[in-house]
Amino acid sequence: MKSNFITKITLCGLLLNGIYSHAQQTTLEVNTSKTITKIQPTMYGIFFEDINFAADGGLYAEMVKNRSFEFAMPFMGWSQPNSNTHSLNANSGIATPVRTSQNSNNPDFCRILINDDKGYHIINEGFRGMGIKKDAKYNLSLKAANHNNAIKKIILQLIDKDKKVLGETVITPSSTDWKDYSSQIIATATEAKAQLKITFEGTGTIDLDMISLFPEETWNNRKNGLRKDIVQLLYDLKPGFLRFPGGCIVEGRTLENRYQWKKTVGAVENRETMINRWNLEFKNRQVPDYFQSFGLGFFEYFQLSEDVGAEPLPILSCGMACQYNSGELVPINELDPYVQDALDLIEFANGAETTEWGKLRANMGHPKPFNLKYIGVGNEQWGPEYIERYKVFAAAIKSKYPNMIIVSGSGPSPDGAFFDYGMQELKKLNADIVDEHYYKNPEWFKENATRYDNYDRKGPKIFAGEYAAHPKGVEDGLKENNWLSALSESAFMTGLERNADVVHLTSYAPLMAHVDAFQWAPDMIWFDNLNSFGTANYYVQKLFSNNKGTDVLAITKDGKPLTGQNELYATAAKDVVKKELILKLVNTSGKAQDVTINLSENNVNAKGKLIILTNQNLEEYNTIAEPTKIIPTERDYKMSGKKSVLNLPAYSFTILKLKMK
Ligand code: AHR
């Protein structure tokens, strides 16, 4: 990768702080007064999908895996080390999965017979362990039915790999019927791979279900809520929208396996667990223990959108399973329930408390509407089958909710026959916004900084809904989030912003990955059970989003936008609210370059600020141990009049901000 860049360097074009004379000059003319187009508040958003353990084991702070014994193998994640599960004469106890017909959403529970309470225990391994912090509090809850009141105590302990106890609590099961119990454990040490051990006092039988452990400290301190550190990273992005729940997870490998929002709302214990579609998707990264508890369901996604100040953007199944998998179709004359799901979702989000679904939202703790404005029909679908189904959805949604903005899809690639067909048909149908996806190499991203320059201004608006630069030949998780990928994305993003009249929403994908349990890389945020951090790509997104401005201005070299001349890219904006001029400049060459900024008017204060994201090694990347190798730095900058020279370091993304008079 690096050599590619180096061979491209044209030495005659370099000026290094005056050391090299006769350098190629880049003079950029900035028209500071004429607005070319408005930038939508939604311009930079978040794409969330439960891939890479992003929900269960990630954002959703539950620490017990398979808490309700609903995985396909009911004891997956659990062990009973000193029991012989295959013998009636188990030496000290035995756990048996029981499947009742009394609760169709949560039918399985665990029945434990304790013959000898001196040794028998069960252990939950967590999501590749449980991250606990010294002195932090952990809220434990479970359901139990104590047959004959035989069991006197349930002892719950956090343990490390050597079985050392790192905090414990005791529950006294007081009822023969199912009853909820709760307690708290305070951790006595910090441990990334703790487990939950459960022992018993007394002999006899007890039934257990919904064994759950959450940190007390969550985002907004919501009980059984979301991981505070991860939401903080999202919040800091100041995202314009939050797209959920994906991605291919919307479609399912089969229709049966599609995401059904109605099954993800209401009481958590009644949300039916389902296999995660990424479970066995990739041969080389299989995760048989990947399921969806839906503890993070549609209510929580709406709430999260509100928390981080983002417009909610739900995407729904359009009656087509993933075309890379089964490609199952719902016949058009059987599409009604799918369409109804979309209409009901709008009612759930926006309806009055007197409506069926608005009432559920209110009962879940949010009487006020979520003010939903966008809804997505299908994810990465293609072909006439999609267009046919889109038409049915669009007609039904628009007739009941004429102002709802519908996001449609153009398939998995940003070009080719499927894309061309989809775009052409969606244009004919006057679609509102079309979602485009591109996972391409860094060269593609640089070359496509002009992608939207010639888009039809009368056609649908664009949602660059999933994109990421995938460095060639690097297939190693975190290493794929190298500086080369992030830098090329920043070059590309200048093109998104310059075309803000067409491009209304953009989001990097996927959003998150657990370092021990990912299926797909690169990803914007990585985490383990204790820590999370932003990649270089995260900081590119954050800088664009936090400094987007409200109006696009012209920034040109020889009358043309800067889209790779001298390996430089630029966009200019002003923020009419904050009264700021914002220039974004990307230097993808391996040498520092001086550019002369020539403002059309002397209407800025001389004192400004430079924000610089750079690294001299294109293969560098942030890690859990070293999360700040590539982070933005800030320094003062002084304009000399309306014409000033700015040095752009090699391999850098620079933002210059000046207060406007
Ligand atoms: O972001 C990962 C996957 O890439 C998404 O689920 C899908 O839409 C795309 O193919």
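Residues numbered from 1 in each chain as written. Predicted model: local features only at pLDDT ≥ 70, side-chain atom pairs only at ≥ 80, totals over all residues. Heavy atoms only, no water.

The full count for this structure, using the stated rule, is 46 aromatic pairs. Summarising the aromatic geometry, the rings of Phe299 and Phe370 are spaced 5.9 Å apart at their centres and angled 70° between planes, so their arrangement reads as edge-to-face. With Phe299 in helix H4 (residues 298-307) and Phe370 in the loop between helix H6 (356-363) and strand S19 (374-377), the pair connects residues that are 71 residues apart, well separated along the chain. Across this residue pair, the class does not change: Phe299 and Phe370 are buried. Centre to centre, the rings of Tyr386 and Tyr390 are 6.2 Å apart; their planes meet at 40°, and the pair counts as tilted. Residue Tyr386 and its partner Tyr390 are located together in helix H7 (residues 384-400), separated by 4 residues, close to a single helical turn. Look at Tyr386 and you get buried, because its relative accessible area is 1%. For Tyr390, a relative accessible area of 4% puts it in the buried group. An aromatic cluster is present here, built from Phe48, Phe244, Tyr259, Trp261, Phe294, Phe298, Phe299, Tyr301, Phe302, Phe348, Trp357 and Phe370 joined pairwise through their rings. The cationic tip of Arg285 hangs over the ring face of Phe518; the distance from NZ or CZ to the ring centre is 3.7 Å. (Phe/Tyr/Trp six-rings, centres within 6.5 Å; stacked < 30°, edge-to-face > 60°. Helix = DSSP H or I, 4+ residues; strand = E, 2+ residues; numbered from the N terminus. Buried < 20%, exposed > 50% of the residue type's maximum accessible area, 1.4 Å probe, protein only. Lys NZ or Arg CZ within 6 Å of the ring centre and 35° of its normal.)

Bringing the layout of surface pockets into the picture now. There is about 540 Å³ of room inside the largest pocket. Tyr60, Phe214, Lys223, Asn224 and Val268 are, among the 30 residues lining the largest pocket, the residues nearest its centre. Elements that contribute at least two residues to the lining of the largest pocket include exactly strand S9 (137-146), strand S12 (179-186), strand S14 (204-215) and H4. Here the element with the most residues in the lining of the largest pocket is H4; it accounts for 5 residues. (1 Å grid on protein atoms, 1.4 Å probe; cavity = no way out; pocket = protein on both sides within 12 Å on 5 of 7 lines; lining within 4 Å. Points joined across faces, edges and corners; volume = space filled by probe spheres on them.)

Attention now moves to the confidence of the model for the chain. Residues with a pLDDT of 70 or more make up 95% of the chain, whose mean pLDDT is 94. The low-confidence segment residues 1-23, where pLDDT is below 50, has 45 contacts with residues more than four positions distant or belonging to other chains. (pLDDT = per-residue confidence, 0-100. Contact = heavy atoms within 4.5 Å.)

Let's shift gears to the packing of helix H5 (residues 336-350) against H7. The angle between the axes and the distance between the axes are what describe a pair of packed helices. Where H5 meets H7, the closest approach of the two axes is 10 Å, and the angle between their N-to-C directions is 30°. With respect to H7, the axis of H5 lies roughly parallel. For H5 against H7, the interelement crossing comes out right-handed. Note on element contacts: H7 touches H5 through Val392, Phe393, Ala396, Ile397 and Lys400, opposite Tyr338, Val339, Ala342, Leu343 and Ile346. (Axes fitted to C-alpha atoms, helices over the stretch in contact; angles between N-to-C directions. Parallel < 35°, antiparallel > 145°, perpendicular 65-115°, else oblique. Left-handed = near helix turned anticlockwise from the far one by under 90°.)

Within a sheet, adjacent strands bond to each other through the backbone by hydrogen bonds, running parallel or antiparallel. Pairing within the open sheet is mixed, and its 3 strands lie in the order S24-S25-S26. Edge strands, defined here as strands with exactly one partner in the open sheet, are strand S24 (512-514) and strand S26 (532-534). Strand-to-strand twist of the sheet, defined as the mean angle between neighbouring strand axes without regard to direction, takes the value 20°. Where strand S25 (residues 525-527) lies against S26, 3 bridges are found, and the strand directions are antiparallel. Residue Phe527 lies in a different strand from S26, and its bridge partner there is Ser532. (Pairing = 2+ DSSP bridges.)

A separate point is the sheet that holds S12. Strand order across the open sheet formed by 5 strands is S5-S6-S14-S9-S12, with antiparallel pairing between neighbours. This sheet does not close on itself; its edge strands, each paired only once, are strand S5 (93-99) and S12. Direction aside, neighbouring strands of the sheet carry axes that sit 35° apart on average. Both S9 and S14 contribute to a ladder of 8 bridges, which runs antiparallel. In the strand pairing of S14, Asn139 is matched with Phe214.

Our focus in this paragraph is the nonpolar core. Core analysis: the largest hydrophobic core is formed by 122 residues, its most contacted members being Phe48, Phe298, Ile397, Trp483, Leu496 and Met512. Both domains that furnish three or more residues to this core are identified here as domain 1 (7-38 + 551-660) and domain 3 (244-503). Contact partners of Ile397, with chain neighbours within four places excluded, come to Ala342, Leu343, Ile346, Ile375, Val377, Pro402, Met404 and Ile406. The next biggest cluster of nonpolar side chains, apart from the first, holds 33 residues, and it includes Ala95, Ile132, Leu166 and Leu213. (Core = buried A, V, L, I, M, F, W, Y, C linked by side-chain atoms within 4.5 Å. Domains from an automatic or database assignment.)

With that settled, consider empty space enclosed by the protein. All told, the structure shown has 8 cavities of 30 Å³ or more when counted by the stated rule. Taken together, 15 residues line the largest cavity, and the ones lying closest to its centre are Asp56, Asn66, Arg67, Phe71 and Ser293. Residues of the lining of the largest cavity, tallied by class, amount to 5 nonpolar, 5 polar and 5 charged. (Nonpolar A, V, L, I, M, F, W, Y, C, P; charged D, E, K, R; others polar.)

Where H7 contacts helix H8 (residues 417-428), the axes come no closer than 10 Å and their chain directions differ by 25°. One finds that H7 runs roughly parallel with respect to H8. With respect to the hand of their crossing, H7 and H8 are arranged in right-handed fashion. Across the interface between the two elements, Pro384, Ile387 and Tyr390 of H7 pack against Tyr421, Gly422, Glu425 and Leu426 of H8. Residue classes in the contact of H7 with H8 are distributed as 5 nonpolar, 1 polar and 1 charged.

Our next topic: the environment of Ala362. Within the fold, Ala362 resides in helix H6. For Ala362, a relative accessible area of 15% translates into the label buried. In this structure the C-alpha to C-alpha distance between Ala362 and Pro442, which are 80 residues apart in sequence, comes to 46 Å. If we skip the residues at most four places from it in the chain, Ala362 touches Glu353 and Pro367.

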